[in-house]
Amino acid sequence: MKTYKSLFSIAVLSLAFFGLPTLTRADEASDTGKEIEHYREMIDDPMANPGYFNVDRGEQLWQTPRGSKAVSLQTCDLGKGPGVVDGAYAELPRFFADANKVMDLEQRLLWCMKTIQDLDTADVLSRKFASTGTTSDMEDLVSYIANKSNGMKFHLSLATAQEKEAYAVGRELFYRRSSLLDFSCATCHGEDGKRIRLQELPNLSKPGKDAQSTMGSWPAYRMSQSQTRTMQNRIFDCYRQMRMPPPDYASDGITALITYLNKQAEGGVINVPSIKR
């Protein structure tokens, strides 16, 4: 052991003596971050982004009559009037008086399927997350609708008591520690400069750049999964990694957490579907 330590010391002294640069942990982290960012820039090309297949399929689903009423979703009100998709994603979650609750996009789409189309959503829910050989109506619809807010900024209303409550509950969930690892969302996303392996972890505990760039880039095509995923899926996967019970899909709790996160991202520009590892 002493021999190895001596050799290491001699190597470091030699580098310093001959004027060659030595790498610190900060240098290595900076170089790694730059390389990862360069890689993302190379693959961030809409013409090569498979997520746009989801956008195209979602547009067809939006326009296709379904359910016992044989109507499309084009009369679904996402908050800006029946059938209006432009800019709707940038203002969600929000309170909907007809449902008497705060909803994110996936909750609202399911509500419209049941209420407007009278569609049995069992099959839709069984495919909530796409897998090999199986597409997801929800991921396709969210990709299409979210894409219609590209270039726009997040602007959530907290005007109603229900919206304020959703934000407060979402903030509580962000900081709540539980399960086997005693983790919370804030454990990984509550400070600047945290990393997991090569991945930088955004600080979502404060409004600003990190929250804006994070929330403004979902839904995203995940290269590691060969699928386009929504924020519902991202949160589902985070809970899995924290060894927590899987959250109910399109539940009020997840909507509350997204309300908090999207409010943290206030003013952030939306650019989706993005491409992620």
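Right above here is the structure, for reference.
Position numbers for residues count from 1 along each chain, tracking the sequence in the order it is written. With the structure being a predicted model, the display of local features is reserved for residues of pLDDT at least 70 and the display and counting of side-chain atom pairs for 80 or more, all residues being used for whole-chain, interface and lining totals. Calculated side-chain values reflect all of the structure's heavy atoms, with hydrogen atoms and water omitted.

1. Some points on the overall build of the protein chain
Next, step 1: Scanning the protein chain for helices and strands turns up 11 helices and seven strands.
Next, step 2: The buried label goes to any residue with under 20% of its type's maximum accessible area, the exposed label to any with over 50%, and the partly exposed label to all in between, with areas taken from a 1.4 Å probe on protein chains only. Sorting the 277 residues of the protein chain into buried and exposed places 42% on the buried side.
Next, step 3: Contact definition: two residues touch when any of their heavy atoms are within 4.5 Å. Pairs at least 24 residues apart make up 65% of the contacts formed inside the protein chain by residues separated by at least 6 positions.
Next, step 4: Surface accessibility follows the Shrake-Rupley procedure with a 1.4 Å probe radius. Residue values consider only the protein chains on display as shielding. For the protein chain, the computed accessible surface area is about 15,000 Å², with 56% contributed by carbon and sulfur atoms. Note on conventions: DSSP H or I runs of at least 4 residues are helices, E runs of at least 2 residues are strands, and numbering of each starts at the N terminus.

2. Remarks on the environment of G268
Next, step 1: Relative to the helices and strands, G268 is located in the loop between helix 11 (252-264) and strand 7 (274-276).
Next, step 2: Assessed through its relative accessible area of 1%, G268 is described here as buried.
Next, step 3: It is 8.0 Å that separates the C-alpha atoms of G268 and M152, two residues lying 116 residues apart in sequence.
Next, step 4: For G268, the residues in contact, after removing those within four places along its chain, are M152, K153, F154 and Q212.

3. A look at the state of the cysteines
Next, step 1: What counts as a disulfide here is a pair of cysteine sulfur atoms lying within 2.5 Å. Tallying each qualifying case throughout the model produces one disulfide.
Next, step 2: The disulfide partner of C76 is C112, and the gap between their sulfur atoms is 2.1 Å. The chirality of the disulfide connecting C76 with C112 is right-handed, given an S-S dihedral of about 70°. Of this pair, C76 sits in the loop between helix 3 (51-63) and strand 1 (94-96) while C112 sits in helix 4 (residues 105-115), placing them 36 residues apart in sequence.
Next, step 3: Exposure remark for C112: the relative accessible area of 0% places this residue in the buried category.
Next, step 4: The cysteine C185 is free of any disulfide, with C238 supplying the nearest cysteine sulfur at 6.7 Å.

4. Brief notes about the nonpolar core
Next, step 1: Grouping buried Ala, Val, Leu, Ile, Met, Phe, Trp, Tyr and Cys residues that are joined through side-chain atoms within 4.5 Å yields what is termed a nonpolar core. If you look at the biggest cluster of nonpolar residues, it comprises 54 residues, and the most contacted ones within it are W62, L78 and L109.
Next, step 2: Counting only elements with at least two residues in this core, the list comes to helix 3, helix 4, helix 6 (137-147), helix 8 (185-189), helix 9 (209-215), helix 10 (231-241) and helix 11.
Next, step 3: Of all the elements, helix 6 adds the most residues to this core, at six residues.
Next, step 4: Apart from residues no more than four positions distant in its own chain, L109 is found in contact with W62, L73, L78, M138, L141, V142 and I145.

5. As for helix 3
Next, step 1: Here a helix's expected span is defined as the number of its residues, less one, multiplied by 1.5 Å. The end-to-end C-alpha distance of helix 3, which contains 13 residues, comes to 19 Å, matching closely the 18 Å that a straight helix rising 1.5 Å per residue would cover.
Next, step 2: By the burial criterion, the buried members of helix 3 are G51, N54, V55, G58, L61 and W62. Along the long axis of helix 3, the arc covered by the buried residues comes to 125°, so they all point the same way.
Next, step 3: Packing partners of the buried residues in helix 3 comprise helix 4, helix 6, strand 5 (220-222) and strand 6 (227-229). The directions considered for the arc run from the helix axis to the C-beta atoms.

6. Observations concerning the pattern of salt bridges
Next, step 1: Throughout this description, the term salt bridge denotes a Lys or Arg side-chain nitrogen within 4 Å of a carboxyl oxygen of Asp or Glu. All chains considered together, the criterion is met by 16 salt bridges.
Next, step 2: E139 serves as the salt-bridge partner of R229, at 3.0 Å between the closest nitrogen and oxygen. Here R229, found in strand 6, pairs with E139, found in helix 6; they are 90 residues apart in sequence, far enough to count as distant.
Next, step 3: Note that K206 and D192 form a salt bridge whose closest N and O atoms lie 3.0 Å from each other. One end of the pair, K206, is in the loop between strand 4 (199-200) and helix 9; the other, D192, is in the loop between helix 8 and strand 3 (195-196), and 14 residues separate them in sequence.
Next, step 4: Three or more residues are tied together by salt bridges with common partners; here these are R66, D123, R127 and D137.

7. Re the packing of helix 7 (residues 161-175) against helix 11
Next, step 1: The geometry of helix 7 relative to helix 11 is characterised by a closest axis approach of 7 Å and an angle of 90° between their N-to-C directions. Our classification of the angle between helix 7 and helix 11 gives roughly perpendicular. Facing E163, A166, Y167, V169, G170, R171, L173, F174 and Y175 of helix 7, the residues of helix 11 in contact are G253, A256, L257, T259, Y260, L261, K263 and Q264.
Next, step 2: Each residue is assigned to one of three groups, with Ala, Val, Leu, Ile, Met, Phe, Trp, Tyr, Cys and Pro labelled nonpolar, Asp, Glu, Lys and Arg labelled charged, and all others, Gly among them, labelled polar. Split by residue class, the contact of helix 7 with helix 11 holds 10 nonpolar, four polar and three charged. Interaxial angles span 0 to 180 degrees and are taken between N-to-C directions of axes, which are lines fitted to C-alpha atoms, for helices over the stretch in contact. Working definition: roughly parallel below 35 degrees, roughly antiparallel above 145 degrees, roughly perpendicular at 65 to 115 degrees, and oblique for all remaining angles.

8. Digging into the sheet that holds strand 6
Next, step 1: Strand pairing is assigned whenever DSSP identifies at least 2 bridges connecting the two strands. Read across the open sheet, the three strands follow the order 6-5-7; overall the sheet is mixed. Each end of this open sheet is capped by a strand with a single partner; those strands are strand 6 and strand 7. Each strand of the sheet is rotated relative to its neighbour by a mean of 35°, with strand direction disregarded.

9. A closer look at the environment of M223
Next, step 1: Within the secondary structure, M223 sits in the loop between strand 5 and strand 6.
Next, step 2: Residues M223 and N49, 174 residues apart in the sequence, show an inter-C-alpha distance of 10.0 Å.

Scope: geometric values only; no functional claims are made or implied.
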